[in-house]
Amino acid sequence: MLDRHRQSRIAGDYACGELTLAADLRGLDESITLFDRAYFSAAFLLDWQQAGAQRHWLMRAKDNLRHQIVQTLGEGDCLIRMPVSQRARQLRPDLPTHWEARLIQTTQDGKIRRFITSMCDKARFPASELAPLYCQRWEIELGFREIKQSLLQGQGVLRSKQPELVMQELWGVLIAHTLLRRWMRLMAQHVAVEPIRISFHTARHAILGALSAVHLARAGSLPAHLQRLLEQARYFVLPPRRKGRTFPREIKRSSHSKYPSRKCQSAA
């Protein structure tokens, strides 16, 4: 069992911010983590990249980023030097007065985008490959949809009423999603496609159906059921994603939202 301190760090209350919770996360060696701009913090990012070997990060750069150019690496590509805030140094006296990172500016869909990263070696990490990589950060939103719409069947909240039971239910949902995704990865390998090409909705029904039918068969038949799923993996493959699709932030009805209202188009 996790003690209450560990549990509160995994899922905090309303008074606990994302950056505070993320301080307990640990990356993997030889990896890159894509962060939202809310995680821009010298203390957090320096701790992240210094916690192991080649633990890199990439995020969108803030519009009001304070920096000075140290070295130009190419067009729209440079090493920058940024000051560490006085408040951060008061909380962490071990922090330096300045820290360095790489700033990449590119044009996507006619708009200027700026990215900041710890991957400063332009030969090993070309700027042309780093900027498109950030788009994969939105894959996590699809994972949230899988959990909310498929596993939780669209329920807005968890069923439990007590904090300990909420934590237990949350862990159960995350473990279930991880196990399903692990087997879907094996299915994807069996048909030589990327894991995101396997339909989560239909694969979930098939996997849970195989597990629920085990008690009706002889003991030890589960491996055979799962092997049959691998052989049927081609039926769960989705078509390649369409490129150039846009999803502007709009609302269906008039409200006080800052986003424009969605206009319904009727056939003439």
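Because the structure is predicted, anything quoted here is derived from the model rather than measured.

Rules and cut-offs
Residues numbered from 1 in each chain as written. Predicted model: local features only at pLDDT ≥ 70, side-chain atom pairs only at ≥ 80, totals over all residues. Heavy atoms only, no water. Helix = DSSP H or I, 4+ residues; strand = E, 2+ residues; numbered from the N terminus. Contact = heavy atoms within 4.5 Å. Areas by Shrake-Rupley, 256 points an atom, 1.4 Å probe, with all protein chains shown as cover. Salt bridge = Lys/Arg side-chain N within 4 Å of Asp/Glu carboxyl O. Buried < 20%, exposed > 50% of the residue type's maximum accessible area, 1.4 Å probe, protein only. pLDDT = per-residue confidence, 0-100. Pairing = 2+ DSSP bridges. Axes fitted to C-alpha atoms, helices over the stretch in contact; angles between N-to-C directions. Phe/Tyr/Trp six-rings, centres within 6.5 Å; stacked < 30°, edge-to-face > 60°. Core = buried A, V, L, I, M, F, W, Y, C linked by side-chain atoms within 4.5 Å.

Comments concerning the overall build of the chain
So, point 1. Each helix and strand counted, the chain has nine helices and six strands in total.
So, point 2. Restricting to contacts in the chain with at least 6 residues of sequence separation, those with at least 24 account for 50%.
So, point 3. For the chain, the accessible surface area stands at approximately 19000 Å², while carbon and sulfur atoms represent 54% of it.

Quick word on the pattern of salt bridges
So, point 1. Counted by the stated rule, this structure contains eight salt bridges.
So, point 2. A salt bridge links Asp-36 to Arg-137; the shortest N-O distance between them is 3.5 Å. Residue Asp-36 is found in the loop between β1 (31-35) and α3 (42-50), and its partner Arg-137 is found in the loop between α5 (127-133) and α6 (139-151); the two are separated by 101 residues along the sequence.
So, point 3. For Asp-36, a relative accessible area of 31% puts it in the partly exposed group.
So, point 4. Note that Arg-92 is salt-bridged to Asp-94, the shortest N-O span being 2.9 Å.
So, point 5. Overall, the relative accessible area of 25% leaves Arg-92 in the partly exposed class.

Describing the confidence of the model for the chain
So, point 1. Per-residue pLDDT for the chain has a mean of 83; in total, 84% of the residues score no lower than 70.
So, point 2. Put simply, helix α1 (residues 4-10) is where the chain has its lowest mean pLDDT, 44, and strand β4 (residues 77-83) is where it has its highest, 95.
So, point 3. Note that pLDDT drops below 50 for residues 1-8; the model gives that stretch six contacts with residues more than four away or on any other chain.

Digging into the sheet that holds strand β3 (residues 68-74)
So, point 1. Here we have six strands laid out as an open sheet, ordered β1-β2-β6-β5-β4-β3, and mixed in their pairing. Pairing within the sheet leaves two strands with one partner each, and these edge strands are β1 and β3. Along the sheet, successive strands turn relative to each other by an average axial angle of 30°, direction set aside.
So, point 2. For β4 and strand β5 (residues 98-108), the ladder comprises seven bridges, and the chain directions are antiparallel. The residue bridging Leu-79 from the neighbouring strand is Arg-102, located in β5.
So, point 3. This element, α3, spans β1, β2 (55-60) and β5 of the sheet and lies at about 145° to β2.

As for the pairing of strand β6 (residues 111-117)
So, point 1. Strand direction decides the pairing type here: β2 and β6, joined by three bridges, are antiparallel. Pairing of Leu-58 across the sheet is with Thr-117, part of β6.
So, point 2. Where β5 and β6 come together, seven bridges link them in antiparallel fashion. Bridge pairing in β6 places Thr-107 opposite Ile-112.

Notes on α3
So, point 1. Taken residue by residue, α3 has Ala-42, Ala-43, Phe-44, Leu-45, Leu-46 and Trp-48 as its buried positions.
So, point 2. The secondary structure elements touched by the buried residues of α3 are α2 (18-22), β1, β2 and β5.

Looking at the packing of aromatic side chains
So, point 1. Applying the stated criterion across every chain yields a total of eight aromatic pairs.
So, point 2. On the numbers, 6.0 Å between centres and 40° between planes, the contact of Phe-44 with Trp-48 is tilted. Remark: Trp-48 and Phe-44 occur in helix α3; sequence separation between them is four residues, near one turn of the helix. Judged on exposure class, the residue Phe-44 and its partner Trp-48 are both buried.
So, point 3. Consider the rings of Trp-57 and Trp-99, whose centres lie 6.2 Å apart with planes at 40°: the pair is tilted. Of this pair, Trp-57 sits in strand β2 while Trp-99 sits in strand β5; the two residues are 42 residues apart in sequence, bridging distant segments of the chain. As far as the burial class goes, Trp-57 and Trp-99 line up, both buried.

Focus on the nonpolar core
In a soluble, globular protein the nonpolar side chains are often hidden away together inside.
So, point 1. Judged by nonpolar contacts, the single largest core of 23 residues is most densely connected at Phe-35, Trp-57, Trp-99 and Ile-116.
So, point 2. Going through the elements one at a time, α3, β2, β4 and β5 are the ones with two or more residues in this core.
So, point 3. The element that contributes the greatest number of residues to this core is α3, accounting for six residues.
So, point 4. For Phe-35, the residues in contact, after removing those within four places along its chain, are Phe-44, Leu-45, Trp-48, Trp-57, Leu-58, Met-59, Arg-60, Tyr-134 and Arg-137.

Notes on the pairing of β4
Remark: a regular strand shows side chains that alternate across the two faces of the sheet.
So, point 1. Among the seven residues in β4, five count as buried, and that is most of the element.
So, point 2. Sheet topology note: the β3/β4 ladder contains five bridges and is antiparallel. In the strand pairing of β4, Gly-74 is matched with Asp-77.
So, point 3. Connecting the antiparallel pair β3 and β4 is a turn made up of two residues, with Gly-76 showing a positive phi of about 70°.

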